[in-house]
Amino acid sequence: MQYACRMRAPFDIAVVGGGASGLTAAIAASREGRSVAIVDRMPRLGKKILITGGGRCNLGNERLDPGLFHSTNPGLVASVLARFGTREIVSFFEGLGLRIVSDGDRLYPATNQAASVLKVLEMEVRRRRVSVIPGFEAVSIIRSAEASRAAASDGRTIEARAFILAGGGRSYPALGSDGSAYALARTAGHRLIEPVPSCVPLLVRDPWCHFLQGQRVRAQAEAWIDGQRAAEALGDVLFTAYGLSGTAVLDVSTDISIALHRGKKARAEVVLDLLPDMSAEALSAELARRLEGGWGAADLVSGLLPEKFGRTIAGLIPGGPPRPARTAAALAAVLKGKRFAVQGTRGWNEAEFTSGGVDAGEIDRERLSSKKAPGLYFAGEILDVQGPRGGFNLSWAWASGTLAGRAAAGETG
Ligand SMILES: Cc1cc2nc3c(=O)[nH]c(=O)nc-3n(C[C@H](O)[C@H](O)[C@H](O)COP(=O)(O)OP(=O)(O)OC[C@H]3O[C@@H](n4cnc5c(N)ncnc54)[C@H](O)[C@@H]3O)c2cc1C
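Since the model is a prediction, treat every value here as computed from it, not as a measurement.

Caption draft 1: Structural detail: the site of the ligand. Not every one of the 36 residues close to the ligand is listed here, only the nearest: Ser21, Asp40, Gly53, Glu381 and Leu394. Here an oxygen atom of the ligand sits 3.2 Å away from a polar atom, N or O, in the main chain of alanine 20. In isolation the ligand exposes 1000 Å². Once the protein is present, 97% of that is buried. At the level of elements, helix H1 (20-31), strand S2 (36-40), helix H2 (47-51) and helix H12 (392-411) are the ones that each hand at least two residues to the shell around the ligand. Looking at the shell around the ligand element by element, the count peaks at four residues for H12. Broken down by class, the residue content of the shell around the ligand amounts to 15 nonpolar, 15 polar and six charged.

Caption draft 2: Region of the structure containing the nonpolar core. In this structure, Leu59, Phe93, Leu121, Ile158, Leu383 and Trp398 are the most contacted members of the largest nonpolar core, which totals 84 residues. Judged by nonpolar contacts, the second largest core, of 41 residues, contains Val204, Val252, Ala268 and Leu275.

Caption draft 3: Seen up close, the packing of helix H9 (residues 280-292) against helix H11 (residues 324-336). Following both chains from N to C, one finds H9 and H11 inclined at 135 degrees, their axes separated by 8 Å at the closest point. In terms of their interaxial angle, H9 and H11 are classed as oblique. As for the relative orientation of H9 and H11, their crossing is right-handed in sense. Of the residues in H11, those in contact with Ala280, Leu283, Ser284, Leu287, Ala288, Leu291 and Glu292 of H9 are Pro324, Ala325, Thr327, Ala328, Ala329, Leu331, Ala332, Leu335 and Lys336. Residue composition of the contact of H9 with H11, by class: twelve nonpolar, two polar and two charged.

Caption draft 4: Geometry of the sheet that holds strand S6 (residues 106-109). Here three strands make up an open sheet; going across it, the order is S3-S6-S5 and the pairing antiparallel. Of all strands in the sheet, those with a lone pairing partner are strand S3 (60-61) and strand S5 (100-103), marking the two edges. Pairing analysis gives four bridges linking S5 to S6, with the strands arranged antiparallel. Residue pairing across strands places valine 101 opposite tyrosine 108, the latter belonging to S6. Lying over the sheet, helix H4 (residues 86-95) contacts S3, S5 and S6, oriented at roughly 140 degrees with respect to S5.

Caption draft 5: View of H4. Every buried residue belonging to H4 is among Thr86, Ile89, Val90, Phe92 and Phe93, and all of these are buried. Taken around the axis of H4, the buried residues stretch over an arc of 160 degrees, which confines them to a single face. Exposed side of H4, more than 90 degrees from the buried face: Arg87 and Gly95 are the residues found there. Tucked into the core, H4 has its buried residues touching H1, S3, S5, S6, helix H5 (114-127) and H12. Backbone geometry just downstream of H4 places glycine 97 in the positive-phi region, at approximately 100 degrees.

Caption draft 6: The pattern of salt bridges, seen in detail. Tallied over the full model, the rule gives 27 salt bridges. A salt bridge links arginine 161 to aspartate 12, with the shortest nitrogen-to-oxygen separation between them at 3.1 Å. Taken together, the residues arginine 161 in strand S10 (residues 157-165) and aspartate 12 in strand S1 (residues 11-16) connect sequence positions 149 residues apart. Exposure remark for aspartate 12: the relative accessible area of 15% places this residue in the buried category.

Caption draft 7: Just the environment of leucine 59, in detail. Mapped onto the elements of the fold, leucine 59 is located in the loop between H2 and S3. On the basis of relative accessible area, leucine 59 is assigned to the buried category, the value being 0%. For the pair leucine 59 and glycine 179, spaced 120 residues apart in sequence, the C-alpha to C-alpha distance is 23 Å. Not counting residues within four places of it along the chain, the set of residues in contact with leucine 59 comprises Ile89, Phe93, Leu98, Ile100, Leu107, Tyr108, Pro109, Val117, Gly391, Leu394, Ser395 and Trp398.

Caption draft 8: Inspection of unusual backbone geometry at higher detail. Even without being a glycine, asparagine 112 presents a positive backbone phi close to 65 degrees. With respect to the secondary-structure elements, asparagine 112 resides in the loop between S6 and H5. Judged by relative accessible area, which is 38%, asparagine 112 ranks as partly exposed. The residue arginine 129 is not glycine, and still its phi comes out positive at about 60 degrees. Its place among the elements puts arginine 129 in the loop between H5 and strand S7 (131-134).

The rules behind each value
- Residues numbered from 1 in each chain as written.
- Predicted model: local features only at pLDDT ≥ 70, side-chain atom pairs only at ≥ 80, totals over all residues.
- Heavy atoms only, no water.
- Near = heavy atom within 4 Å.
- Polar contact = N/O pair within 3.5 Å; in protein donor to acceptor, adjacent residues only side chain to side chain.
- Areas by Shrake-Rupley, 256 points an atom, 1.4 Å probe, with all protein chains shown as cover.
- Helix = DSSP H or I, 4+ residues; strand = E, 2+ residues; numbered from the N terminus.
- Nonpolar A, V, L, I, M, F, W, Y, C, P; charged D, E, K, R; others polar.
- Core = buried A, V, L, I, M, F, W, Y, C linked by side-chain atoms within 4.5 Å.
- Buried < 20%, exposed > 50% of the residue type's maximum accessible area, 1.4 Å probe, protein only.
- Axes fitted to C-alpha atoms, helices over the stretch in contact; angles between N-to-C directions.
- Parallel < 35°, antiparallel > 145°, perpendicular 65-115°, else oblique.
- Left-handed = near helix turned anticlockwise from the far one by under 90°.
- Contact = heavy atoms within 4.5 Å.
- Pairing = 2+ DSSP bridges.
- Arc of directions from axis to C-beta.
- Salt bridge = Lys/Arg side-chain N within 4 Å of Asp/Glu carboxyl O.

Now the structure itself:
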């Protein structure tokens, strides 16, 4: 995509970061008649959008409940999503020519291609004559009453009357969001809630993971922190050479990641119910029936779990005189509540989201402006606002971007 690229100074508004939130912020501000520039440290805008939803881009959710977000400022999330919710997101994209379909509650482009989402955004950016300055890594913003100036790592500068910080979090840094934009917020006087990788596979040193690597089962996962249950989720669990992944594990990983990174000495565990559709009593009775029927140890869970599980639990069956009822109850307890001590996470390269970021309590909930620095606005994942999987985080990016763009336009008019 060829962008307009002018460095005329000053712009009304400069957006730092051309991801989901920065693109929508620039579109919203330019639609209000402002001169707008986007600077981005990457050679291309919106690279992360292309990998969202496994390349399909789960761009929204029919049940966009603000109560499901984590943030230091729940009022900000509620205010933004009340003004720009799923209806507005769908209408925004349909206005750009993108047809949207739902899959359950989740919304996707009808093309099933994330590239279509980026394409319509970039086309609008071009139509609106937004200046795009790629390869510009903003390292400082010096503010003055008339216009502020951002400097890039290579010495270039850009002037604007207002800046919107939309530099994202720290997940998938190879796609642009490396956390460098946090420094701009910090110098403006903002507090950072320690960013930690979220929605991330977990490191577990347990023979089960090694032996079962590659096995995927439907399970109930619970996160336990210092002996207290903190989160639970039903979904896939994937055993890997390094530990645990799969949707259920990703969904409970945030509490564990926060505890391990911020709590330092916290004891974190994942507890798996590997047969969530069977009660412990029913499972125990079934295993007792099999033991009494002379089933071999390695065949005991055949038909209930993948074959490799049989060989994994065979070692748990005690020798000596057979005690089917007692053995069955003990095995059922393991299969319904297998505990895994978590050593860490797979880190930023595999985390879908960032938990933490610029303290959202320091942001005006109506205008998304800084309470610390006049002329500074925020949008997207750079803020300490994080939703669950399912289109919530992109919804936040589109909504906060649009409202920050409009508010900045209103104040530079
Ligand atoms: C694998 C994966 C799959 C995902 N799937 C989904 C999904 O299906 N649905 C969903 O809702 N969410 C999904 N997400 C989350 C979603 O992609 C993000 O929440 C969203 O992209 C955040 O948008 P953003 O604009 O705030 O940040 P980003 O999209 O990260 O954009 C930030 C931009 O700022 C630029 N930048 C950073 N620092 C600077 C600087 N100092 N100077 C200049 N430019 C800078 C970066 O280069 C980047 O282009 C997924 C995330 C990942 C990693």
